[in-house]
Amino acid sequence: MMKTSSTITKIIPALLTVVLGSTFVLSGCQSIKNVLGKRDNGSLEYQQSKKLAPIELPANKEPAPFVPLYPTPNAGTNTLILKNDSGSQYQLPKPQRTVSTPSN
């Protein structure tokens, strides 16, 4: 009878430690995401890019003809809002939920 009581008193604190530890770890995921989600990962740096000077070819060389594969329209200014709450990175919108109904 003493062995059973001794075993239970050893198991309960270990089990309690595992349950509380996993609760803290799993509940911390959201708070860590909030901290790491505000970091600047450089995903918006392309908006500050500048146009480079054109390449100058040697005068005595004949350049190959340039044939564009795809047309590039002049789009004008960007009107999209591409910043998250902290203003540091692009965040994709959440996907829309679709509900399918069985057809007979």
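Each remark here, short or long, concerns the structure printed above.
Conventions used here
- Residues numbered from 1 in each chain as written.
- Predicted model: local features only at pLDDT ≥ 70, side-chain atom pairs only at ≥ 80, totals over all residues.
- Heavy atoms only, no water.
- Helix = DSSP H or I, 4+ residues; strand = E, 2+ residues; numbered from the N terminus.
- Buried < 20%, exposed > 50% of the residue type's maximum accessible area, 1.4 Å probe, protein only.
- Areas by Shrake-Rupley, 256 points an atom, 1.4 Å probe, with all protein chains shown as cover.
- Patch = residues over 30% accessible without salt bridge, like charges linked within 9 Å, V, L, I, M, F, W, Y side chains within 5 Å.
- Salt bridge = Lys/Arg side-chain N within 4 Å of Asp/Glu carboxyl O.

**Q** Whenever I open this one, the overall build of the chain confuses me. Can you help?
**A** Helices and strands together make up the secondary structure of the chain, namely one helix and zero strands. Looking at the chain as a whole, 6% of its 104 residues qualify as buried. For the chain, the accessible surface area stands at approximately 10900 Å², while carbon and sulfur atoms represent 63% of it.

**Q** Teacher, can you tell me more about a nonpolar patch on the surface here?
**A** Together, Ile11, Leu15 and Val19 give the surface a local cluster of nonpolar side chains, amounting to about 280 Å² of exposed area. Relative to the helices and strands, Leu15 is located in helix H1 (residues 2-36). You can call Leu15 exposed: its relative accessible area is 53%.

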